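Breakdown of the fold
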Amino acid sequence: MLYPDPHFVLTLQKVIEFIGTFAFAISGIRLAATKHFDWFGGFVCGFAVAIGGGTIRDVMLGVTPFWMTSSIYILCTFLAQAIVIIFHRYVKKLDNTWLIFDTLGLALFNIAGIQKSLSMGFPFWVAIVMGCITGAAGGIIRDVLLNIEPVIFRKEIYASACIAGGFAYWILYLLKVNIAVTAVTSFLVVCIIRFLAVRYHISLPILHDDEDH
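Quick caveat, the model's predicted, so the values are computed rather than measured. (Residues numbered from 1 in each chain as written. Predicted model: local features only at pLDDT ≥ 70, side-chain atom pairs only at ≥ 80, totals over all residues. Heavy atoms only, no water.)

Considering the packing of aromatic side chains
Within the structure shown, the criterion is met by ten aromatic pairs. For the ring pair F47 and W67, a centre distance of 5.5 Å and an interplane angle of 85° mean the geometry is edge-to-face. Here F47 is found in helix α2 (residues 39-61), whereas its partner W67 is found in the loop between α2 and α3 (72-86), with 20 residues between them in sequence. Since its relative accessible area comes to 15%, F47 is described here as buried. Three or more aromatic residues link up through ring pairs in this structure, and these residues are F124, F167, Y169, W170 and Y173. In this structure, R199 is placed above the aromatic ring of Y200, and the distance from its NZ or CZ to the ring centre is 5.0 Å. (Phe/Tyr/Trp six-rings, centres within 6.5 Å; stacked < 30°, edge-to-face > 60°. Helix = DSSP H or I, 4+ residues; strand = E, 2+ residues; numbered from the N terminus. Buried < 20%, exposed > 50% of the residue type's maximum accessible area, 1.4 Å probe, protein only. Lys NZ or Arg CZ within 6 Å of the ring centre and 35° of its normal.)

Side note on the nonpolar core
Ranked by size, the top nonpolar core spans 44 residues in total, and within it F24, L106, L118, F124 and Y169 carry the most contacts. When contributions to this core are tallied by element, the ones reaching two or more residues are α1 (6-34), α2, α3, α5 (97-119), α6 (124-145), α7 (159-174) and α8 (179-199). (Core = buried A, V, L, I, M, F, W, Y, C linked by side-chain atoms within 4.5 Å.)

Description of the pattern of salt bridges
Applying the stated criterion to the full structure yields six salt bridges. Notably, a salt bridge pairs R57 with D58, separated by 2.8 Å at the nearest N-O pair. In this structure D58 comes out as buried when scored by relative accessible area, which is 0%. The partner of D102 in a salt bridge is R142, and the shortest N-O contact between them spans 2.7 Å. Residue D102 is found in helix α5, and its partner R142 is found in helix α6; the two are separated by 40 residues along the sequence. Residue D102 shares its accessibility class with R142, and that shared class is buried. Here the salt bridges share partners, and the residues they tie into one network are E17, R57, D58 and K116. (Salt bridge = Lys/Arg side-chain N within 4 Å of Asp/Glu carboxyl O.)

A short note on the UniProt feature "domain: Glycine transporter" (unreviewed entry) in the protein
The feature "domain: Glycine transporter" (unreviewed entry), as annotated in UniProt, sits at residues 15-89 and 100-173 in this numbering. Taken end to end, residues 15-89 has its terminal C-alpha atoms 29 Å apart, with 80% of it in helix and 0% in strand. (UniProt positions renumbered as here; feature names shortened; annotations may be inferred.)

Quick look at a nonpolar patch on the surface
Among the surface-exposed residues, V15, F18, I19, I72, L75 and F78 lie close enough to one another that they form a single nonpolar patch of about 520 Å² accessible area. Listed by contribution, the elements that provide at least two residues to the nonpolar patch are α1 and α3. Assignment of secondary structure puts I72 in helix α3. (Patch = residues over 30% accessible without salt bridge, like charges linked within 9 Å, V, L, I, M, F, W, Y side chains within 5 Å. Areas by Shrake-Rupley, 256 points an atom, 1.4 Å probe, with all protein chains shown as cover.)

A few points about the UniProt feature "transmembrane region" (unreviewed entry) in the protein
Here the UniProt feature "transmembrane region" (unreviewed entry) sits at residues 15-33, 40-60, 66-87, 99-118, 124-145, 157-173 and 179-197. Structurally, residues 66-87 is divided into 68% helix and 0% strand, and its ends, taken at the C-alpha atoms, are 29 Å apart. Between the C-alpha atoms that bound residues 157-173 there is a distance of 24 Å. The span itself is 88% helix and 0% strand.

Considering the environment of R30
Structurally, R30 is set in helix α1. Taking the relative accessible area as the measure of exposure, R30 reaches 12% and is therefore buried. Separated by 50 residues in the primary sequence, R30 and A80 place their C-alpha atoms 9.5 Å from one another. Excluding residues that lie within four positions of it along the chain, R30 makes contacts with V91, K92, T97 and W98. (Contact = heavy atoms within 4.5 Å.)

Let's talk about α6
End to end, α6 covers 32 Å across 22 residues, agreeing with the expected 32 Å (1.5 Å per residue, within 8%). Roughly 30° is the biggest bend found in α6, and it falls at A136. Note on α6: the residue one or two positions beyond its end, N147, has a positive phi of about 60°. (Expected span 1.5 Å × (residues − 1). Bend = angle between axes of the 7 residues up to and from the residue.)

Let's talk about the side chain of R57
Relative to the helices and strands, R57 resides in helix α2. Of the residues examined, R57 reaches a relative accessible area of 0% and is grouped as buried. Residues within four places of R57 in sequence aside, it is in contact with E17, F66, A112, G113, K116, M130, I133 and T134.

Spelled out as structure tokens, the structure:
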């Protein structure tokens with residue numbers, strides 16, 4: 001099956017990466033603010049989470065990391081930081097601001113990872129893995145920088161939501177559903193699973209060792 005309309009897919013991917021960069025940058029800078037980082041530290045944290053997953057993906061796919069081909073992603077992070085600084089009083093009132101933007105970034109970058117892998121001719125199982133890495137790795141980098149336990153290793157549903165979104169994308173792709181509808185559906189699957197998991201404290205079973213019995 002040929003991948004649909006390469007030009008449209010490339011444009012859609014760039015739009016998704018831009019919005020995802022902004023969303024992840026907001027989440028990283030917002031959490032950095034709770035740790036009382038200075039402006040430079042906040043920017044580093046925001047930029048690291050915004051480009052981390054995509055950089056790992058591109059290195060594994062053997063291409064130039066996406067943010068090195070255009071300065072728009074750095075400018076996007078500056079914009080995110082300016083918004084957090086200017087509207088910090090309003091942002092602070094929204095206790096779950098980081099969760100909202102983190103989930104949006106997670107879902108968007110998951111799609112970007114899937115689309116980029118498929119457009120380069122990789123099989124779908126690779127695309128799902130790349131989508132998961134693109135979406136989740138940035139959050140791991142952010143949490144390490146902030147010296148907190150990475151969200152992917154907690155009981156919360158995180159990377160698993162990416163995998164579910166990846167399978168939804170796969171099914172719709174095989175059914176030859178419009179690429180935009182496929183992307184939106186995959187996005188919604190990730191967001192809904194993530195928000196429901198946090199709202200109702202849904203988690204995967206935890207591992208036990210002999211000392212737990």
